[in-house]
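The lines below spell out each chain.
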Amino acid sequence: VGHCHPNIVKAAHEQNQLLNTNSRYLHDNMVDYAERLSKTLPEKLCIFYFLNSGSEANDLALRLAQQYTKHEDVIVLDHAYHGHLTSLIDISPYKFRNLEGQKEWVHVAPVPDTYRGLYREDHEDSVTAYADEVKSIIEQAHKGGRKIAAFFAESLPSVGGQIIPPAGYFQKVAEHVHTAGGVFIADEIQVGFGRVGKHFWAFQLQGEDFIPDIVTMGKPIGNGHPLACVATTKEIAEAFAATGVEYFNTFGGNPVSCAIGLAVLDVIEKEDLQAHATEVGNFLMKILKEQQIKHPIIGDVRGCGLFIGVDLIKDQAE
């Protein structure tokens, strides 16, 4: 919402003067913030865990999925990056390919990229073709006696090249993953909070009939303050709590962090930043497309709101 936004600075300062405690101590800010966030999400995503970073959020999402399903294996998209913890390097092809390689419990699906990917704009049904790749991975895993805990993907792959998955892809993938007893995790850490303009969450670009089982949030959530969140369903949260090992995070959800989170939501709403992302994004896409006509090095211009990719190429035909 902008560097040193006065509303954010004021909210942090005011709460800092009152109380900032370990989150074992109850405070209204956490409940107020969870309620405000819940209004932006589908109804079934109604349980919130607060943390300090996107990496912590994705690590918890992984734990929730594995505990709920009692399975271990995870399917991720090629080139994905989900964070810097050991558990997340393991599910980030962008990182593990340069380190110790792919673990047995991790499976990599092709990015649903209709410009450079396996199935392109000229394919008769790229949505089904890309989703069938995930189905095939599940079948192969089952043949090897393995079981799928989760399909874990950014709603719009960012490190992978600002990819806009074709609408309907997530629905078909979720169907295959749910049939296999797994859950669908949408990583909104880079693309949430109205960045895509049309919707508050990027997964909503897929259509109203798609709802992930777990959503992770970070980066813009606190406007630079260390804050993150995992939203999930009652069923998943209850399975996680049933172990008797509660989830606790010393500073996750502390009063100052939640005051800042609330202030960020206020600014997005009052300054109409979602509409702004649409308007500025459309303008930027328009002028980039004008450049594309002039310069053969620009192969593709794609995006939504203020999530935009320009693909530079050597050869238009290839």
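How each quantity is defined
- All residue numbers refer to position in the chain's written sequence, counted from 1.
- The predicted origin of the model limits local features to residues at a pLDDT of at least 70 and limits the giving and counting of side-chain atom pairs to 80 or more, whereas totals for whole chains, interfaces and linings rest on all residues.
- Excluding hydrogens and water, the side-chain values take into account all heavy atoms of the structure.
- UniProt positions are given in the numbering used here, feature names are shortened, and annotations may be inferred rather than shown by experiment.
- One requirement defines pairing of two strands: DSSP has to find at least two bridges between them.
- Each helix corresponds to a stretch of at least 4 residues labelled H or I by DSSP, and each strand to a stretch of at least 2 residues labelled E; elements are numbered beginning at the N terminus.
- Every axis corresponds to a line fitted to the C-alpha atoms, with the helix fit spanning only the stretch in contact, and the corresponding angles, defined between N-to-C directions, vary from 0 to 180 degrees.
- Whether two residues are in contact is decided by their heavy atoms: any pair within 4.5 Å suffices.
- When a carboxyl oxygen of Asp or Glu lies within 4 Å of a side-chain nitrogen of Lys or Arg, that pair is called a salt bridge.
- To sort residues, take the accessible area from a 1.4 Å probe on protein chains only and compare it with the maximum for the residue type: under 20% means buried, over 50% means exposed, and anything in between is partly exposed.
- Angle categories are assigned with fixed cut-offs, so that under 35 degrees is roughly parallel, over 145 is roughly antiparallel, 65 to 115 is roughly perpendicular, and the rest are oblique.
- Put simply, a crossing is left-handed when the front helix is turned counterclockwise from the back one by less than a right angle, and right-handed when it is turned clockwise.
- Each patch is assembled from residues with relative accessible area greater than 30% and no salt bridge, linking like charges that lie within 9 Å and nonpolar side chains (Val, Leu, Ile, Met, Phe, Trp, Tyr) that lie within 5 Å.
- Per-residue accessibility takes into account occlusion by the displayed protein chains alone, with areas from the Shrake-Rupley method and a 1.4 Å probe.
- A pair of aromatic rings is counted whenever rings of Phe, Tyr or Trp (Trp by its six-membered ring) have centres within 6.5 Å, and the orientation is called stacked for planes under 30 degrees apart, edge-to-face for over 60 and tilted otherwise.
- Two conditions define a charge located above a ring, namely a distance within 6 Å from the ring centre to NZ of Lys or CZ of Arg, and an angle within 35 degrees of the ring normal.

- For the protein chain, an unreviewed UniProt entry supplies the name AT2L2 lyase and the organism Dicaeum eximium.
- Under the UniProt heading Cofactor (unreviewed entry), the note attached to the protein chain is "pyridoxal 5'-phosphate".

## Topic: the sheet that holds strand 4 (residues 148-154)
Turning to step 1, where the next piece is worked out: Taking strand neighbours across the sheet as the criterion, the 7 strands line up as 1-7-6-5-4-2-3 in an open arrangement whose pairing is mixed. Each edge of the open sheet is held by one strand with a lone partner, namely strand 1 (47-51) and strand 3 (106-109). Across the sheet, the mean angle from the axis of one strand to that of its neighbour is 20°, orientation sign disregarded.
Turning to step 2, where the next piece is worked out: Where strand 2 (residues 73-77) meets strand 4, 4 bridges bridge the pair, whose relative direction is parallel. Its bridge partner lying in strand 4, valine 76 is registered against phenylalanine 152.
Turning to step 3, where the next piece is worked out: Packing of helix 7 (residues 169-179) onto the sheet brings it into contact with strand 2, strand 4 and strand 5 (183-187), and relative to strand 5 it is tilted by some 140°.
Turning to step 4, where the next piece is worked out: Against the sheet, helix 8 (residues 234-241) contacts strand 1, strand 5, strand 6 (214-217) and strand 7 (228-232), and its axis sits at roughly 60° relative to strand 1.

## Quick notes on the pattern of salt bridges
Turning to step 1, where the next piece is worked out: Summed over all chains, the structure comprises 14 salt bridges.
Turning to step 2, where the next piece is worked out: With its nearest N and O atoms 3.2 Å apart, the salt bridge here joins lysine 10 to glutamate 14. Placement of both lysine 10 and glutamate 14 in helix 1 (residues 6-18) is noted, with a separation of 4 residues, approximately one turn of the helix.
Turning to step 3, where the next piece is worked out: Owing to a relative accessible area of 52%, lysine 10 belongs among the exposed residues under this scheme.
Turning to step 4, where the next piece is worked out: With a shortest N-O distance of 2.9 Å, lysine 103 and aspartate 90 are connected by a salt bridge. Note that lysine 103 is positioned in the loop between helix 5 (93-96) and strand 3 and aspartate 90 in the loop between helix 4 (86-89) and helix 5, a separation of 13 residues in sequence.

## Remarks on the packing of helix 1 against helix 9 (residues 255-270)
Turning to step 1, where the next piece is worked out: Here helix 1 crosses helix 9 at 155°, and the two axes come no closer than 9 Å. In terms of orientation, helix 1 lies roughly antiparallel with respect to helix 9. Crossing handedness for the pair helix 1 and helix 9: right-handed. The segment helix 1 lies against helix 9, with Asn7, Ile8, Ala11, Ala12, Gln15 and Asn16 engaging Pro255, Val256, Ala259, Ile260, Ala263, Val264 and Val267.

## Quick look at unusual backbone geometry
Trans is the prevailing form of peptide bonds, just as negative phi is the prevailing case for residues other than glycine.
Turning to step 1, where the next piece is worked out: At phenylalanine 193, a residue that is not glycine, the phi angle is positive and equals roughly 60°.
Turning to step 2, where the next piece is worked out: Tracing the backbone shows phenylalanine 193 in the loop between strand 5 and strand 6.
Turning to step 3, where the next piece is worked out: The exposure class assigned to phenylalanine 193 is buried, which follows from its relative accessible area of 7%.
Turning to step 4, where the next piece is worked out: Of note in this structure, aspartate 272 is not a glycine but carries a positive phi near 50°.
Turning to step 5, where the next piece is worked out: In this structure, aspartate 272 sits in the loop between helix 9 and helix 10 (273-294).

## Brief notes about a nonpolar patch on the surface
Turning to step 1, where the next piece is worked out: Together, Val280, Phe283, Leu284, Ile287 and Leu306 give the surface a local cluster of nonpolar side chains, amounting to about 380 Å² of exposed area.
Turning to step 2, where the next piece is worked out: Within the fold, isoleucine 287 resides in helix 10.
Turning to step 3, where the next piece is worked out: Classification of isoleucine 287 by relative accessible area gives partly exposed; the value is 30%.

## Quick notes on the packing of aromatic side chains
Turning to step 1, where the next piece is worked out: Considering all chains together, one arrives at 14 aromatic pairs under this definition.
Turning to step 2, where the next piece is worked out: With a centroid separation of 5.0 Å and 80° between ring planes, the pair formed by tyrosine 119 and tyrosine 130 is classed as edge-to-face. With tyrosine 119 in the loop between strand 3 and helix 6 (126-143) and tyrosine 130 in helix 6, this pair connects stretches of sequence that are 11 residues apart.
Turning to step 3, where the next piece is worked out: On the basis of relative accessibility, which here comes to 0%, the residue tyrosine 130 falls in the buried class.
Turning to step 4, where the next piece is worked out: Here a set of aromatic residues connected by ring pairs shows up, and it is made of Phe151, Tyr169, Phe170, Phe184, Phe203 and Phe210.
Turning to step 5, where the next piece is worked out: Positioned over the ring face of phenylalanine 248 is arginine 24, at 3.9 Å from the centre of the ring.
Turning to step 6, where the next piece is worked out: When the ring centre of tyrosine 81 is taken as reference, the NZ or CZ atom of lysine 95 above it lies at 5.4 Å.

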